[in-house]
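As a plain string of letters, each chain reads:
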Amino acid sequence: MGALLEVHDVELSFGGLRALDGPSLTVGEGEVVGLIGPNGAGKTSLFNCIGGLYRPQHGSIRFAGREIVGLPRHRIAALGIGRTFQNLGLLASRTVLDNVLAGAYHATRGGWWATALALPNVARTERATRERALDLLAELSLGDVAGVPVGTLPFGTLKRIELARALIANPRLLLVDEPANGLVHGEVMELGATLRRLAAERGAAILLVEHHMGLVMSVSDRVAVLDFGRLIAEGDPRIVARDPQVVAAYLGRAA
């Protein structure tokens, strides 16, 4: 399995605070890699570097063989990197379908303006995108609420909508940031099955940041552990879970 994402020796500092201290990791096509660690370990900072929100001071991030450090966010998204966020950024007054379609616009340079100006092929592209969005909603068991305003729906459903919005642009790599937060047990199990299906059927590479260890251990092919911005363990989830450094990072050095 070739590496689709290659992170090498990434360093990121904010003033005197070192958020990332040289972690390196890879994610292959069709692979789910769990990225775990205590609060403040640097997980979201690494996501922000991959997605172009932050620019590391040192290191390399390559996607499909191409260096992406320094590229603007819309260019990174257009290459095939999608993302969900801890804090949902859905538009409460708009329908589920509108929110998902927004994900397609955000992944292109022209975005909303290209549609508003009716540039060539926009109408045809819009129809195809709408059909793809409806298919995606059906795949995620959201078809029945496509026309419902987002603000009226329960939290577990909102999480699936956020996932659909990230998937509408057909990303090759999906960055999933704490998707189980706020979900009940049954919803977590359903989410895990969905992530595994996306990797198996779509061939999507998934980098998953999550505190719910049951979800991480059940869906991940490999797990990488950050602590104070450093990679302290990486490999098979069952072996990593017993690593003394990992146990110490989560439970304290005395443990």
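Computed from a predicted model, the values in this text were never measured in an experiment.

1. Regarding the overall build of the chain
Item 1. For the chain, the count of helices and strands is ten helices and eleven strands.
Item 2. Over its C-alpha trace the chain gives a radius of gyration of 18 Å, about what one expects of a compact globule, namely 18 Å for 255 residues.
Item 3. Overall, the chain is about 60 × 40 × 35 Å in size when its C-alpha atoms are taken along their principal axes.
Item 4. Counting only residues that meet the buried cut, the chain has 47% of its 255 residues in that class.
Item 5. Restricting the contact set of the chain to residue pairs at least 6 apart, pairs at least 24 apart contribute 68%.
Item 6. Here the chain has roughly 12300 Å² of accessible surface; of this, 53% comes from carbon and sulfur atoms.
Item 7. Each charge sign in the chain was given a centre, from 26 positive and 25 negative side chains, and these centres are 6 Å apart.

2. Some points on the domain arrangement of the chain
Item 1. Segmentation of the chain into domains returns domain 1 (1–80 + 171–255) and domain 2 (90–170).
Item 2. For domain 1 versus domain 2, the separation of C-alpha centres amounts to 25 Å.
Item 3. A combined buried area of about 1400 Å² lies between domain 1 and domain 2, and 58% of that area is made up of carbon and sulfur atoms.
Item 4. The three residues of domain 1 that bury the most area against domain 2 are His-74, Pro-171 and Arg-202, which together make up 38% of that side's buried surface.
Item 5. Linking domain 1 to domain 2 there are one salt bridge.
Item 6. Here Glu-139 makes a salt bridge to Arg-202, at a shortest N to O gap of 2.9 Å.
Item 7. Between the two partners, domain 1 and domain 2, sit five residue pairs in polar contact (both at pLDDT 80 or more).
Item 8. Secondary-structure elements contributing two or more residues to the side of domain 1 that touches domain 2 are α2 (73–79) and α7 (185–202).
Item 9. In terms of residue count, α7 provides more of the side of domain 1 that touches domain 2 than any other element does, six residues in total.
Item 10. Broken down by class, the residue content of the side of domain 1 that touches domain 2 amounts to seven nonpolar, four polar and six charged.

3. A word on the pattern of salt bridges
Item 1. Counted under the stated rule, the structure contains twelve salt bridges.
Item 2. The salt bridge partner of Arg-18 is Asp-21, with a shortest N-O separation of 2.9 Å.
Item 3. Each of Glu-11, Arg-18, Asp-21 and Arg-230 takes part in a single network of salt bridges with overlapping partners.

4. Quick notes on the sheet that holds strand β10 (residues 222–227)
Item 1. If you walk across this open sheet you meet the six strands as β7-β8-β9-β4-β10-β11, and the pairing is mixed. The two strands at the open ends of the sheet, each matched to only one other strand, are β7 (81–83) and β11 (230–235). Across this sheet, the average inter-strand angle for adjacent strands is 20 degrees, counted without regard to direction.
Item 2. Note that β7 and strand β8 (residues 173–177) share three bridges and pair parallel. Directly across from Gly-82, in β8, lies its bridge partner Leu-174.
Item 3. Along the sheet, helix α1 (residues 43–51) makes contact with β4 (32–36), β7, β8, β9 (205–209) and β10, crossing β8 at roughly 150 degrees.

5. Looking at the pairing of strand β5 (residues 58–63)
Item 1. Across five bridges, the pairing between strand β1 (residues 3–14) and β5 is antiparallel. Its bridge partner being in β5, Val-7 is matched across the sheet by Ile-61.
Item 2. Both β5 and strand β6 (residues 66–67) contribute to a ladder of two bridges, which runs antiparallel. Residue pairing for β6: Arg-62 is matched across the bridge by Glu-67.
Item 3. Linking β5 back to β6 in an antiparallel pair, the connection comprises two residues, with Ala-64 at a positive phi of about 55 degrees.

Rules used throughout
- Residues numbered from 1 in each chain as written.
- Predicted model: local features only at pLDDT ≥ 70, side-chain atom pairs only at ≥ 80, totals over all residues.
- Heavy atoms only, no water.
- Helix = DSSP H or I, 4+ residues; strand = E, 2+ residues; numbered from the N terminus.
- Rg over C-alpha atoms; globule rule 2.2 N^0.38 Å.
- Buried < 20%, exposed > 50% of the residue type's maximum accessible area, 1.4 Å probe, protein only.
- Contact = heavy atoms within 4.5 Å.
- Areas by Shrake-Rupley, 256 points an atom, 1.4 Å probe, with all protein chains shown as cover.
- Lys, Arg positive; Asp, Glu negative; His and termini not counted.
- Charge placed at Lys NZ, Arg CZ, Asp CG, Glu CD.
- Domains from an automatic or database assignment.
- Buried area = accessible area lost by both parts, 1.4 Å probe.
- Salt bridge = Lys/Arg side-chain N within 4 Å of Asp/Glu carboxyl O.
- Polar contact = N/O pair within 3.5 Å; in protein donor to acceptor, adjacent residues only side chain to side chain.
- Nonpolar A, V, L, I, M, F, W, Y, C, P; charged D, E, K, R; others polar.
- Pairing = 2+ DSSP bridges.
- Axes fitted to C-alpha atoms, helices over the stretch in contact; angles between N-to-C directions.

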